[in-house]
Amino acid sequence: MLKIPIISECRAVTDMDSTCTGRREVTAKNDPISKFWPTIVIMLGLPARGKTFYAHRLVHYLNWIGMDAKLFGNDGDPLDSFYDVDSGINNVENFDNNTREILECFVQQGFPLSVAKSLYDAFSWLQIENSYLFCSQSNKLEIIADKDYKPTVAILVELFLSAKDRLNLYEICSKHSLNVLFVECVISDLLMEEANINALIQRSQSKGDLNEVGAFIKQSIFNLQDSYEQMGNTDGNLPFFRITSQQSPESHAHNNFFINRVRGAHLQRIIFFLMSVSPHFVLNTKSELNAKFCNRVILLTRHGESESNLRLCIGGNANLSNNGKDFAMKLGDYINKLQLPDLQVWCSRYIRAKATAEHIKGLLIERQELNEIHAGLCEEMTYAEIENQFPHEFERRALDKYRYRYPGGESYEDVVARLEPLFLDIESANNVLIICHQAVMRCIMAYIQGTDKLDLPYISCPLHTVVKLTFTSTFIQIERIGIGGPAIDTYLPKRQIYR
């Protein structure tokens, strides 16, 4: 049997029973898709098909919702795998004895060494992250699912696997109590393929001359096309999800999906998210003679300065101040000059947000989830008044600003929960301007940046500033643009609490 870090007798343990450790075991016989088992997602497909983009977005999302996810395969640089395939890594002597023995076992199973190394790294990480305990009485390992349990997901990208390799890998993972999902990325449009190749070339300035890199990438794809076996009838018993990117009749980039034998809440949630993600580019049809794909763009801003801001009050439904009205006019001029096709403006239902969108040419959509955090009894009060009238509440909020809930109101944690549908919409949106409020914008920026949730309430989101989000093949580029005009500073730094 293949010797890898995770032992085949691994068991998922969920509750108290009379076994050697006092817990009931869940085995492959009575629960083949146990939610307590670690998960491995294997991204498949030819180069320049969007695997790295989807993998990065998935890692980001899973970590945000509380899972523990990590990327393996090429450290986020797909070109590394191109060079591996071209040069053929075949020297195991560079590894220590234990690692070399395991890698040799993978190689004996028919896996290339580069793939074997990725699998070894992923399996080792899954073992460390899932608190395995050795039971001396049964000589077995057990996964303890306690209150601090976090589902773990290893995502492998840039693996070139034949149908035989896929079946072999699935059997290995199943024997070691791992949930498995193959995700295959396919592009059925030459123009979209060229856009992905160009994105790789632009990211590869450190690899040398861009023309040489481009020629190398195209030659690598050509060399692999005949040997790559697309998932199909021979993979009928494997759980897989295929993403096919293509153009619609209206010349928009979109995805079609095929799902095969996928069961279990974790795998279904992964697929639900991937179905919400659009390609990172869209077709620019401003010039019919030179139509090309460009990166998706989303714009964020807070409402213009309000009369409540001038009074240092939180919440409420105030009108814009004179400075806020001036910002609304300048924002309209700035956005209208961009001439974004099919522009949508998403804003909250508050007066100050709708007034900020007054001069923008585009479809205005009011979204209740964009409303500011509700302060309950503290609405329209200053922080000084809250400290004076509710000193205990003021102190509690300072101790844990993320989880603190205003009496009769909301916490940042509540706002994050109601914004989750919007986060999924962001993954597919283009040419959208979001006009919102300080707490809401902090939540959106925390999602985009991957900020720790305890640091979320302290993200700086100044008034009269536009944030431009540009989706690239591996990350979201963030650019802050000052539109001009004075505005009050509403930022409050984290208080030092002394006990």
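Residues numbered from 1 in each chain as written. Predicted model: local features only at pLDDT ≥ 70, side-chain atom pairs only at ≥ 80, totals over all residues. Heavy atoms only, no water.

**Focus on the packing of helix 1 (residues 51–64) against helix 15 (residues 438–449)**
Condition: Interaxial angles span 0 to 180 degrees and are taken between N-to-C directions of axes, which are lines fitted to C-alpha atoms, for helices over the stretch in contact. Numbering goes from the N terminus for both helices and strands, where a helix is a DSSP run of H or I of at least four residues and a strand is a run of E of at least two. Any angle between 65 and 115 degrees counts as roughly perpendicular, while under 35 counts as roughly parallel, over 145 as roughly antiparallel, and the rest as oblique. What makes two residues a contact is simply this: any of their non-hydrogen atoms within 4.5 Å. Side-chain classes are defined by residue name, with Ala, Val, Leu, Ile, Met, Phe, Trp, Tyr, Cys and Pro counting as nonpolar, Asp, Glu, Lys and Arg as charged, and the others, Gly among them, as polar.
Orientation of helix 1 relative to helix 15, taken along the N-to-C sense of each, is 130°, at an axis distance of 9 Å. As summarised for this structure, helix 1 and helix 15 are arranged oblique, according to the angle between their axes. Facing helix 1, whose interface residues are Arg57, His60, Tyr61 and Trp64, helix 15 presents Cys443, Ala446, Tyr447, Ile448 and Gln449. When the residues that make up the contact of helix 1 with helix 15 are grouped by side-chain class, the tally is six nonpolar, two polar and one charged.

**Some points on the packing of aromatic side chains**
Applicable threshold: Stacked, tilted and edge-to-face are the three classes applied to pairs of Phe, Tyr and Trp rings, where Trp contributes its six-membered ring and a pair requires centres within 6.5 Å; stacked means planes under 30 degrees apart, edge-to-face means over 60, and tilted covers the rest. Any residue under 20% of the maximum accessible area for its type is buried, any over 50% is exposed, and the rest in between are partly exposed; the area is computed with a 1.4 Å probe on protein chains only. Cation placement over rings: the criterion is NZ of Lys or CZ of Arg within 6 Å of the ring centroid and within 35° of the ring normal.
Taken as a whole and assessed by the stated rule, the structure comprises nine aromatic pairs. The interplanar angle of 80° and the centroid separation of 5.7 Å between the aromatic rings of Trp64 and Tyr447 together place this pair among those described as edge-to-face. Note that Trp64 is positioned in helix 1 and Tyr447 in helix 15, a separation of 383 residues in sequence. Residue classification places Tyr447 among the buried residues on the basis of a relative accessible area of 0%. Ring geometry for Phe72 and Trp125: centres 5.7 Å apart, planes at 55°, overall tilted. Note that Phe72 is positioned in strand 4 (residues 68–72) and Trp125 in helix 4 (residues 113–129), a separation of 53 residues in sequence. Like Trp125, Phe72 is buried. What links up through ring pairs into an aromatic cluster is the set Trp64, Phe423 and Tyr447. For the cation-ring pair, Arg296 lies above Phe471, with the distance from its terminal atom to the ring centre recorded as 4.0 Å.

**As for the sheet that holds strand 15 (residues 363–366)**
Picture the strands of a sheet paired through backbone hydrogen bonds; they go either parallel or antiparallel. Put simply, the rule is: Here, strands pair whenever DSSP counts at least two bridges between them.
On the basis of which strands lie adjacent, the open sheet formed by six strands has the order 15-14-16-13-17-18 and mixed pairing. Two strands lie at the open edges of the sheet, namely strand 15 and strand 18 (476–482), each paired on one side alone. Adjacent strand axes in the sheet meet at a mean angle of 20° when their direction is disregarded. Of the pairings in the sheet, the one linking strand 14 (residues 344–347) to strand 16 (residues 432–436) comprises four bridges and is parallel in character. Looking at strand 16, one finds that Val345 is bridged to Leu433.

**Looking at the confidence of the model for the chain**
The condition that has to hold: You can read pLDDT as the predictor saying how much it trusts each residue, on a scale of 0 to 100.
Predicted confidence across the chain gives a mean pLDDT of 81, with 78% of residues reaching 70 or more. Counted against residues more than four places away or in other chains, residues 131–147, with its pLDDT under 50, gives 46 contacts. In the model, residues 286–291 has pLDDT below 50 throughout and makes five contacts with residues more than four positions away in sequence or in other chains.

**Remarks on the pairing of strand 3 (residues 39–44)**
Across the six residues that make up strand 3, a large majority, six, are buried. The alternating pattern of strand 3 places Thr39, Val41 and Met43 and Ile40, Ile42 and Leu44 on opposite faces, both of which are buried. In this sheet, strand 8 (residues 179–187) lies alongside strand 3 in parallel orientation, the contact comprising six bridges. Across the sheet, residue Ile40 finds its bridge partner in strand 8, namely Val180.

**Thoughts on helix 7 (residues 210–225)**
What counts here: Helices are assigned an expected span. That span is 1.5 Å times one less than the residue count. Taking the helix axis as origin, the arc is that swept by the directions to the C-beta atoms.
Between its first and last C-alpha atoms helix 7 spans 23 Å; for 16 residues at 1.5 Å apiece the expected length is 22 Å, and the two agree. For helix 7, the set of buried residues is Val213, Gly214, Phe216, Ile217, Ser220, Ile221 and Leu224. Along the axis of helix 7, the buried positions cluster into a sector of 160°, meaning they face one direction only. Looking at helix 7, the residues exposed on the side facing more than 90 degrees away from the buried face are Asn211, Glu212 and Phe222.

**Here we look at the pattern of salt bridges**
Put simply, the rule is: One side-chain nitrogen of Lys or Arg within 4 Å of one carboxyl oxygen of Asp or Glu is enough to make a salt bridge.
Evaluated as defined, the whole model comprises 15 salt bridges. Here Glu184 ties to Arg242 by a salt bridge, and the two come within 3.1 Å at their closest N and O atoms. Placement of Glu184 in strand 8 and of Arg242 in strand 9 (residues 240–247) is noted, with a sequence separation of 58 residues between them. Judged by its relative accessible area of 0%, Glu184 is buried. A salt bridge links Glu420 to Arg269, with the nearest nitrogen and oxygen atoms 3.1 Å apart. Placement of Glu420 in helix 14 (residues 412–426) and of Arg269 in helix 8 (residues 265–276) is noted, with a sequence separation of 151 residues between them. Residue class for Glu420 comes out partly exposed when judged on its relative accessible area of 26%. The structure contains a network of salt bridges with shared partners spanning Arg367, Glu369 and Asp425.

**Considering the environment of Glu358**
Among the secondary structure elements, Glu358 is positioned in the loop between helix 11 (351–356) and strand 15. Exposure remark for Glu358: the relative accessible area of 60% places this residue in the exposed category. Taking C-alpha positions, Glu358 is 8.0 Å from Met329, a pair spaced 29 residues apart along the chain.

**As for the nonpolar core**
What counts is decided by this rule: As used in this record, nonpolar core signifies buried Ala, Val, Leu, Ile, Met, Phe, Trp, Tyr and Cys residues forming a set joined through side-chain atoms within 4.5 Å.
Ranked by size, the top nonpolar core spans 62 residues in total, and within it Ile155, Ile434 and Ile444 carry the most contacts. With nine residues, the single largest contributor to this core is helix 15. Among the nonpolar cores identified, the runner-up in size contains 34 residues, and Ile40, Phe106, Val115 and Phe123 belong to it.

**Comments concerning the environment of Ala375**
Within the secondary structure layout, Ala375 lies in the loop between strand 15 and helix 12 (383–389). A relative accessible area of 3% places Ala375 in the buried class. Along the backbone, Ala375 and Gly315 are 60 residues apart, and their C-alpha atoms lie at a distance of 6.4 Å. Once you skip the residues sitting within four places of it in the chain, Ala375 turns out to touch Ile314, Tyr406, Pro407 and Gly409.

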